[in-house]
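Residues per chain, in single letters:
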Amino acid sequence: MAPGQKAYPRATVKKIVKAHSKCNVSKNVDVLIYLDYVLFMQRLVKEAAIDSKQAGERNISANSIRNATLDTLTKFKG
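Residues numbered from 1 in each chain as written. Predicted model: local features only at pLDDT ≥ 70, side-chain atom pairs only at ≥ 80, totals over all residues. Heavy atoms only, no water.

**Describing the overall build of the chain**
Alright, step 1. Helix and strand counts for the chain come out as three helices and zero strands.
Alright, step 2. Going from N to C terminus, the chain has its helices and strands arranged as α-α-α.
Alright, step 3. Taken against the 2.2 N^0.38 rule, which gives 12 Å for 78 residues, the C-alpha radius of gyration of the chain at 16 Å runs more than 25% over that of a compact globule.
Alright, step 4. For the chain, the spread of C-alpha atoms along the three principal axes comes to 45 × 35 × 15 Å.
Alright, step 5. The 78 residues of the chain split such that 14% are buried.
Alright, step 6. Contacts spanning at least 24 positions in sequence make up 35% of the contacts within the chain whose residues lie at least 6 apart.
Alright, step 7. When the accessible surface of the chain is split by element, carbon and sulfur atoms take 58% of a total near 6400 Å².
Alright, step 8. Taken as two groups, the 14 positive and 6 negative side-chain charges of the chain have centres that lie 11 Å from each other. (Helix = DSSP H or I, 4+ residues; strand = E, 2+ residues; numbered from the N terminus. Rg over C-alpha atoms; globule rule 2.2 N^0.38 Å. Buried < 20%, exposed > 50% of the residue type's maximum accessible area, 1.4 Å probe, protein only. Contact = heavy atoms within 4.5 Å. Areas by Shrake-Rupley, 256 points an atom, 1.4 Å probe, with all protein chains shown as cover. Lys, Arg positive; Asp, Glu negative; His and termini not counted. Charge placed at Lys NZ, Arg CZ, Asp CG, Glu CD.)

Structure, rendered in C-alpha cells:
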C-alpha cells in the first residue's frame, strides 16, 4: 500500500455502523470493527482451507467456505 493511502474508508464504516445501531460511535471504534472483520476473514479462509484439504480438493471452493462459515461465526460471537 502506498504511503498516505487508507486501508479502508473510515467515514463509510462509521456511517454504516451508525445506521445499523442508531447510536453514535466513539472516535476509534471503526478501527476496531475493521480489525475484527480482517481477523474473521483470515480465520474463515484458514478453516475453509482445512476443510477443502480434508475433502481432497486442490482449491478452496464455495462449498468449503459454506461449511466453515457457521463454525467461524460461533467462534467470533463473543
